[in-house]
Amino acid sequence: MKNILKILVTPILQKYWFADLIFAIMRFIAGMLLALSFGADKFGMPWTPDGQNLNLFEVSAWFPKDVAEYGGIFALMPVFFAWMGAFSEAVGGLFLAFGLKTRIASFLIMCTMLVAIFMQKWGQSTWGMLPAMGFLWLSIYNLYLGSGRFGLDHIITNKFLKS
């Protein structure tokens, strides 16, 4: 079990620290954009304009309906898949930004972006698919390399798994 955890958490370090820094900057910006701009939109807001209190952890009503329109398994469990998509974008984006459990977060983001490209954006212009494709490419890269030396995974690996 420890070996599996070590493989999932231990990042691949680049030869020069500057390369890891560049990759960390890209990872941070993309993760924060994904979490704050894409993932957060799929959850309900805690306050409505008229001041009524809403449940923060309630998925927005439009998103499960959108997911159900994909058909197949998505129509059977639209709320579950809506939660998974919102979670992987919001929480996975934050994990990606800070380099925490980077490979797991990248896998979830990769799956979500594949669904977004083929089930929602397919048939639109390439320009419409570009955000999902960009996050997909970044998630594939981070799935392989992990967080690099500028992420929490590197700190966790050095502190707890090396001993």
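Look a little higher up for the structure.
Read on for an overview of the structure. What you see is a predicted model, and the numbers here were worked out from it, not measured in a lab.

Right, let's get into the overall build of the protein chain. Looking only at helices and strands, the protein chain features eight helices and zero strands. Along the chain direction, N to C, the helices and strands of the protein chain fall in the order α-α-α-α-α-α-α-α. Looking at the protein chain as a whole, 37% of its 163 residues are labelled buried. Residue pairs in contact within the protein chain that sit at least 24 positions apart in sequence constitute 66% of those at least 6 positions apart. Of the roughly 9,900 Å² that the protein chain leaves accessible, carbon and sulfur atoms contribute 74%.

Another aspect to go through is empty space enclosed by the protein. In this approach, a probe sized like a water molecule rolls over the atoms, and the result shows the empty space that is left. The tally for this structure, following the rule as stated, stands at one cavity of 30 Å³ or more. Space inside the largest cavity adds up to approximately 60 Å³. Ile12, Gln14, Asp20, Phe23, Arg27, Tyr141, Asn142, Leu145, Gly146, Ser147 and Gly148 together form the lining of the largest cavity. Counting residues per element, the ones that place at least two in the lining of the largest cavity are helix 2 (17–39) and helix 7 (126–145). Grouping the constituent residues of the lining of the largest cavity by class yields four nonpolar, five polar and two charged.

Here we come to the pattern of salt bridges. Going through the model one piece at a time under the given rule, you end up with one salt bridge. In this structure, the salt-bridge partner of Arg149 is Asp20, at a minimum N-O distance of 2.6 Å. Of the two residues, Arg149 is situated in the loop between helix 7 and helix 8 (152–161) and Asp20 in helix 2; the sequence distance between them amounts to 129 residues. Relative accessible area serves as the criterion here: at 26%, Arg149 is assigned to the partly exposed category. Residue Asp20 is classed as buried on the basis of its relative accessible area, which comes to 3%.

Counted as a void, the largest pocket has a volume near 520 Å³. As for the largest pocket, its lining consists of 25 residues, of which Phe63, Gly85, Glu89, Thr112 and Ala116 are closest to the centre. Contributing elements (two or more residues each) for the lining of the largest pocket: helix 2, helix 3 (62–68), helix 5 (78–98), helix 6 (102–121) and helix 7. Ranked by residue count, the leading element in the lining of the largest pocket is helix 6, at eight residues. Split into classes, the residues belonging to the lining of the largest pocket amount to 15 nonpolar, six polar and four charged.

So, on to unusual backbone geometry. With a phi close to 50°, Lys101 is a non-glycine residue in the positive phi region. Of note, Lys101 is situated in the loop between helix 5 and helix 6. By relative accessible area, Lys101 is classed as partly exposed at 40%.

Thresholds applied
- Residues numbered from 1 in each chain as written.
- Predicted model: local features only at pLDDT ≥ 70, side-chain atom pairs only at ≥ 80, totals over all residues.
- Heavy atoms only, no water.
- Helix = DSSP H or I, 4+ residues; strand = E, 2+ residues; numbered from the N terminus.
- Buried < 20%, exposed > 50% of the residue type's maximum accessible area, 1.4 Å probe, protein only.
- Contact = heavy atoms within 4.5 Å.
- Areas by Shrake-Rupley, 256 points an atom, 1.4 Å probe, with all protein chains shown as cover.
- 1 Å grid on protein atoms, 1.4 Å probe; cavity = no way out; pocket = protein on both sides within 12 Å on 5 of 7 lines; lining within 4 Å.
- Points joined across faces, edges and corners; volume = space filled by probe spheres on them.
- Nonpolar A, V, L, I, M, F, W, Y, C, P; charged D, E, K, R; others polar.
- Salt bridge = Lys/Arg side-chain N within 4 Å of Asp/Glu carboxyl O.

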